[in-house]
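Listed below, chain by chain, are the residues.
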Amino acid sequence: MSANAASAARGPGTDDAGPSAERIADALARTFALWRDRNCVRRRNAIAAIADSAGYSVATLEHSIDALLKPFTNDALKSIAARISANRLIDRPKTVGFIAAGNVAGAGIHEVVIGLIAGARVRIKTASAEPVFFAEFARTLAELDGDAGARIEVVHWGRARTDLTDELIGNCERVVAYGDDATIESLHRPNVIAFGSRVSAALVALNSIDPSRIDDVADMLARDAALFEQLGCLSLHQVFVVSPDGSAARELATRMSAALERIARSMPPARIPLRDAAEIRGVRERARWRAIAGEPVELFEGRDFEWTVVFERRPDSFKVSPGFRTVHVSAVRDLAKFRECIAPVSAQIEAMAVVGGDCEIEARTMGIPYVCAPGEMQSPPLDWRHGGGEFIDMMAGSR
Amino acid sequence: MSIYEQVLTFIHRPEPGAFERLALDVFRHQFETIAMYRRYCEGRGVLPGAVQSVDEVPAVSNVAFKYAELAIDGASRAADAAVFLTSGTTQGRERRGRHIVARPEIYRASAIAHLRTMLFPDARRMAILAMHPTADAMPESSLSAMISWSIEEFGSGTHLAAASRERVDVAAAIAFLAGCEARREPVCIMGTTAAVAALFSELGSSGSKVRLAAGSRMMDTGGAKGQAVPMQAIEVIAQAGETLAIAPAMVINEYGMTELCSQLYDATAFNCAGLSDSQERLKIPPPWMRVTARDPVTLQPMADGEVGILTFFDLANVGSVSAVMTEDLGSVERGRVRVLGRAAGEARGCALGIGQFSATETAEAVR
């Protein structure tokens, strides 16, 4: 495509024309292809650095990054480029800032990629807890295509430098901010699109699937809980199992426990910070004493806090997990009971893994941004309507 | 001598060298007489014969009191037993913990003896202003019991309970304090931090100041609980001085919980010789209580000064369970305790954390 065509594709009003959407998509596709290879030096260095600073095992981080990068295929990138080119949005922002969160390496990559393909200059302010991923990724992009790489800048400063954060917000047409609700509140400005605190869950109707698949489902859900040590908005907190008498749910809890035990060998758990460990202790003791007192609760626990599964036969609410492979498995007699339990957080559910019965219909009816199969929770597609879709609609237009 | 009498004797005449042996006897008694506790210990593979030190005694989480009857068998039906309830949550979703105290006189002895050391070391009787309901109005509150015992033990006969279940009567409290001021009579103010914060707020907004007589003092407890904007300890001390003329060393924060019959108090220049107002405040347990900070994963005691989950062995809990693990973090330095507050996970970025979701569940056990 010629420069003129590229400019035309971006629509009128563009005065900072960089490479075309297609060329950026191509450069990104090559970057992702490199990064999907575990031998990629920059990826390897990034993973080593993040594992060291965050206390993750390298193996867990390798699997987590694999899952994160999986959807960024050549075809998916071309497809989003085509969508962007087809939707000639005149008010697309030309500069987009990102204020990244540090809980999950690479969180925000979907929006960064869409921003770049949509022709924006992208400036990413990384978190103190994780300043590595985007810096290394941007360097790889620049090495493969200097013009594409010039569209992205990765910067870092501490939370205390609010003057620099204000400057970033002031200098960008749009800013995408990730973080907990307090952080988001502090960044509230008219041009800031906020991705605040979210959780994810699973809804399973085991009775409607082949019994031979139960172990697969348990394995995949356990993997969803283990990736990124369960610290992201896509991480699995609670599994609801439609199980009128609770037996199928207990079976799944048992098998998930076994799966988490196996995963602990192949993906050794992270070093758990003291406060998080104390929260896990609280979850365990609450479940333990409810069980001792005769309540319909069962605690499955790995040694040294490697994993925890709390099975509840009659749940009454959603249970937010402290992370680090701590999962609640809850029997619900029907979808009405599921709706009742999830109501307090229904607006904060980002992803839901579904299996069998009407679970997928239920999740889609709820308007959950990402509905997927077990094992895919950390791999939302490039056109994921993250946080409801405001950003992707603004940058890429409708499908 | 029964185990109860042994504990009572220890409270009246503590012998530090005898603590360990008595603690192990108490543990054995509790293992034998509390079915739920026995089940818990057996579940952890711990039998009394194998326990060689108090640090090896299995501690129950304070949340256990919500779900299990952790008192010697039959205690809840005993005529003279007292039942104290945790204060629950603002939205009432969580059930309340129940501490069944089979021998309230031991609780009283423990509370009074340490209050005498920490809040009334000058052995002075004085007017008492209760900013929390007294036991007659709120029999299920352990704080109410303690305040009523204080009025009996340390009061001069002039006292006011300026709070009901529904509200704190700040106007009545100020009128009472003004009366004490006029008579130059020292007063001890006792209540929750939220209640004294309301008192400060009213005094501040009305611009009035009460200059209490020298020797006046304040005991607040409960920390952030019940406050929309939590008042920090340093602010309580400053406000007490500014609005009531209470000296910093006489403002003493208590750390206690319904599940424990003993309490900890700030060490200050008033109750600990050699301390100054500028030193960081640590809390002092009574001699019949052992405090450790535990590793949340292994439950092993941390080294002196290292942070862990605060865990108590309270001899005064002889009729229930003495080894209680809280949900608070803190450290222990040469027997003194730094309380850091409720454990809450690290910031989670875009992921929802427990603390954000269940703010109503925080600090429910601390009264």
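Since this is a predicted model, take the numbers as computed values, not measurements. (Residues numbered from 1 in each chain as written. Chains lettered and ligands numbered in written order. Predicted model: local features only at pLDDT ≥ 70, side-chain atom pairs only at ≥ 80, totals over all residues.)

Draft legend 1. Layout of the overall build of chain B. Helix and strand counts for chain B stand at 10 helices and 14 strands. The C-alpha radius of gyration computed for chain B amounts to 20 Å, which stays within 12% of the reference 21 Å derived for 367 residues, consistent with globular compactness. With the C-alpha coordinates aligned to their principal axes, the bounding extent of chain B is approximately 60 × 60 × 40 Å. Every one of the 367 residues in chain B was classed for burial, and the buried ones make up 54%. Contacts in chain B between residues far apart in sequence, at least 24 positions, make up 68% of those at least 6 positions apart. (Helix = DSSP H or I, 4+ residues; strand = E, 2+ residues; numbered from the N terminus. Rg over C-alpha atoms; globule rule 2.2 N^0.38 Å. Buried ≥ 20, exposed ≤ 12 C-beta atoms within 10 Å, placed from the backbone. Contact = placed C-beta atoms within 7 Å.)

Draft legend 2. Spotlight on the overall build of chain A. Across its full length, chain A holds 16 helices and 12 strands. In summary, chain A has a C-alpha radius of gyration of 22 Å against a globular reference of 21 Å for 399 residues, a match within 12%. Burial status across chain A gives 54% buried among its 399 residues. Taking all contacts inside chain A whose residues are at least 6 apart in sequence as the whole, residues at least 24 apart take part in 73%.

Draft legend 3. View of helix H1 (residues 3-12) of chain B. Residues and elements named next belong to chain B. Residues Val 7, Leu 8, Phe 10 and Ile 11 constitute the buried set of H1. End-on, the buried residues of H1 take up no more than an arc of 160 degrees, which puts them together on one face. Pointing more than 90 degrees away from the buried face of H1 are the exposed residues Glu 5 and His 12. Looking at the buried residues of H1, the elements they touch are helix H2 (19-33) and helix H5 (104-118). (Arc of directions from axis to C-beta.)

Draft legend 4. Region of interest: the confidence of the model for chain A. Across chain A, the average pLDDT comes to 92, with 96% of residues at or above 70. Confidence over residues 1-14 of chain A falls short of pLDDT 50; this stretch has 20 contacts with residues more than four positions distant or in other chains. (pLDDT = per-residue confidence, 0-100.)

Draft legend 5. Focus on the domain arrangement of chain B. Residues and elements named next belong to chain B. Considered domain by domain, chain B is made up of domain 1 (3-102 + 285-342) and domain 2 (106-255). On the domain 2 side, the residues contacting the 14 residues of domain 1 number 10 residues. Of all the secondary-structure elements, those providing two or more residues to the side of domain 1 that touches domain 2 are H1 and strand E2 (82-85). With 5 residues, H1 is the largest single contributor of residues to the side of domain 1 that touches domain 2. (Domains from an automatic or database assignment.)

Draft legend 6. Layout of the packing of helix H2 (residues 21-36) of chain A against helix H7 (residues 133-144) of chain A. Residue and element names in this part refer to chain A. H7 packs onto H2 with a crossing angle of 125 degrees between their chain directions and a minimal axis gap of 9 Å. On the basis of the axis angle, H2 is oblique to H7. Two packed elements cross with a definite hand, and for H2 against H7 that hand is right-handed. Facing Ala 27, Leu 28, Arg 30, Thr 31, Leu 34 and Trp 35 of H2, the residues of H7 in contact are Phe 137, Thr 140, Leu 141 and Leu 144. (Axes fitted to C-alpha atoms, helices over the stretch in contact; angles between N-to-C directions. Parallel < 35°, antiparallel > 145°, perpendicular 65-115°, else oblique. Left-handed = near helix turned anticlockwise from the far one by under 90°.)

Draft legend 7. Region of the structure containing the sheet that holds strand E7 (residues 236-242) of chain A. All names here are of chain A. Pairing in this open sheet of 7 strands is mixed, and the strands run E8-E9-E10-E7-E6-E11-E12 from one edge to the other. Edge strands, defined here as strands with exactly one partner in the open sheet, are strand E8 (297-301) and strand E12 (370-372). Along the sheet, successive strands turn relative to each other by an average axial angle of 20 degrees, direction set aside. Strand direction decides the pairing type here: strand E6 (residues 199-204) and strand E11 (residues 349-355), joined by 6 bridges, are parallel. Within the sheet, the bridge partner assigned to Ala 202 lies in E11 and is Ala 353. Together, E6, E7 and strand E10 (326-332) form the strand contacts of helix H14 (residues 335-342), whose direction differs from that of E10 by roughly 140 degrees. (Pairing = 2+ DSSP bridges.)

Draft legend 8. Quick peek at the domain arrangement of chain A. Residue and element names in this part refer to chain A. Once the domains are mapped, chain A shows domain 1 (3-197 + 382-396) and domain 2 (199-368). Of note, the centres of domain 1 and domain 2, computed from C-alpha atoms alone, are 31 Å apart. If you look at the interface, domain 1 gives 13 residues, while domain 2 gives 13 residues. The dominant element in the side of domain 1 that touches domain 2, judged by the number of residues it contributes, is helix H4 (residues 58-69), at 5 residues. Its residues assigned to classes, the side of domain 1 that touches domain 2 comprises 6 nonpolar, 7 polar and no charged. (Nonpolar A, V, L, I, M, F, W, Y, C, P; charged D, E, K, R; others polar.)

Draft legend 9. Representation of the sheet that holds strand E2 (residues 121-126) of chain A within the structure. Residues and elements named next belong to chain A. Across the sheet, 5 strands lie side by side as E3-E2-E1-E4-E5; this open sheet has parallel pairing. Strands at the two margins of the open sheet, each flanked by one partner only, are strand E3 (152-156) and strand E5 (192-195). Here the strands of the sheet are splayed against their neighbours by 15 degrees on average, with no regard to which way each runs. The pairing of E2 with E3 spans 5 bridges and is classified as parallel.

Draft legend 10. Up close: the packing of helix H8 (residues 193-206) of chain B against helix H9 (residues 233-244) of chain B. Residues and elements named next belong to chain B. Running from N to C, H8 and H9 cross one another at 40 degrees; their axes reach a closest spacing of 10 Å. Here H8 is positioned oblique relative to H9, judged by the angle of their axes. The two elements H8 and H9 cross, and the hand of that crossing is left-handed. Contact residues: Thr 193, Val 196, Phe 200, Leu 203 and Gly 204 in H8; Val 236, Gln 239 and Thr 243 in H9. Per-class residue counts for the contact of H8 with H9 are 4 nonpolar, 4 polar and no charged.

Draft legend 11. Summary view of the interface of chain A and chain B. Contact with chain A, which involves 40 residues of that partner, is made by 29 residues of chain B. Among the elements that line the side of chain A that touches chain B, the one with the most residues is helix H13 (residues 274-292) of chain A, at 13 residues. In terms of residue class, the side of chain A that touches chain B is made up of 19 nonpolar, 9 polar and 12 charged.

Draft legend 12. Spotlight on the pairing of strand E8 (residues 251-255) of chain B. All names here are of chain B. For E8, a buried count of 5 out of 5 residues is recorded, marking the element as mostly surrounded by other parts of the structure. Because side chains alternate across E8, one face comprises the buried residues Val 251, Asn 253 and Tyr 255, and the other comprises Ile 252 and Glu 254, equally buried. Taken together, the 4 bridges between strand E7 (residues 217-221) and E8 define a ladder with parallel strand orientation. Bridge pairing in E8 places Met 218 opposite Val 251.

Draft legend 13. Spotlight on the environment of Ile 99 of chain A. All names here are of chain A. Among the secondary structure elements, Ile 99 is positioned in strand E1 (residues 95-99). On the neighbour-count criterion, Ile 99 (24 C-beta atoms within 10 Å) is buried. Apart from residues no more than four positions distant in its own chain, Ile 99 is found in contact with Lys 125, Thr 165, Val 175, Ala 177, Tyr 178 and Leu 187.

Draft legend 14. Looking closely at the confidence of the model for chain B. Residue and element names in this part refer to chain B. Scored by pLDDT, chain B has a mean of 91; 93% of the residues are at 70 or more. Low pLDDT, under 50, characterises residues 89-93; the stretch is placed with 7 contacts to residues that sit more than four places away or in other chains. Confidence estimates for the predicted assembly give a pTM of 0.91 and an ipTM of 0.90.

Draft legend 15. Representation of the environment of Ala 201 of chain A within the structure. All names here are of chain A. Relative to the helices and strands, Ala 201 resides in strand E6. The sequence separation of Ala 201 and Gln 238 amounts to 37 residues, and the corresponding C-alpha distance is 5.1 Å. Here Ala 201 is in contact with Leu 236, His 237, Gln 238, Phe 240, Ile 342, Ile 349 and Met 352, once residues within four sequence places are set aside.

Draft legend 16. Quick peek at helix H7 (residues 170-183) of chain B. All names here are of chain B. The first and last C-alpha atoms of H7 sit 20 Å apart over 14 residues, in line with the 20 Å expected at 1.5 Å per residue. Burial in H7 covers these residues: Ala 173, Ile 174, Phe 176, Leu 177 and Cys 180. Each buried residue of H7 sits inside an arc of 160 degrees when the element is viewed along its axis, so together they form one side. Exposed and oriented more than 90 degrees from the buried face of H7 are Ala 171, Ala 175, Ala 182 and Arg 183. In the core, the buried residues of H7 are packed alongside strand E4 (126-130), strand E5 (155-161), strand E6 (187-192) and H8. A positive backbone phi angle near 55 degrees is found at Arg 184, which sits one or two residues after H7. (Expected span 1.5 Å × (residues − 1).)

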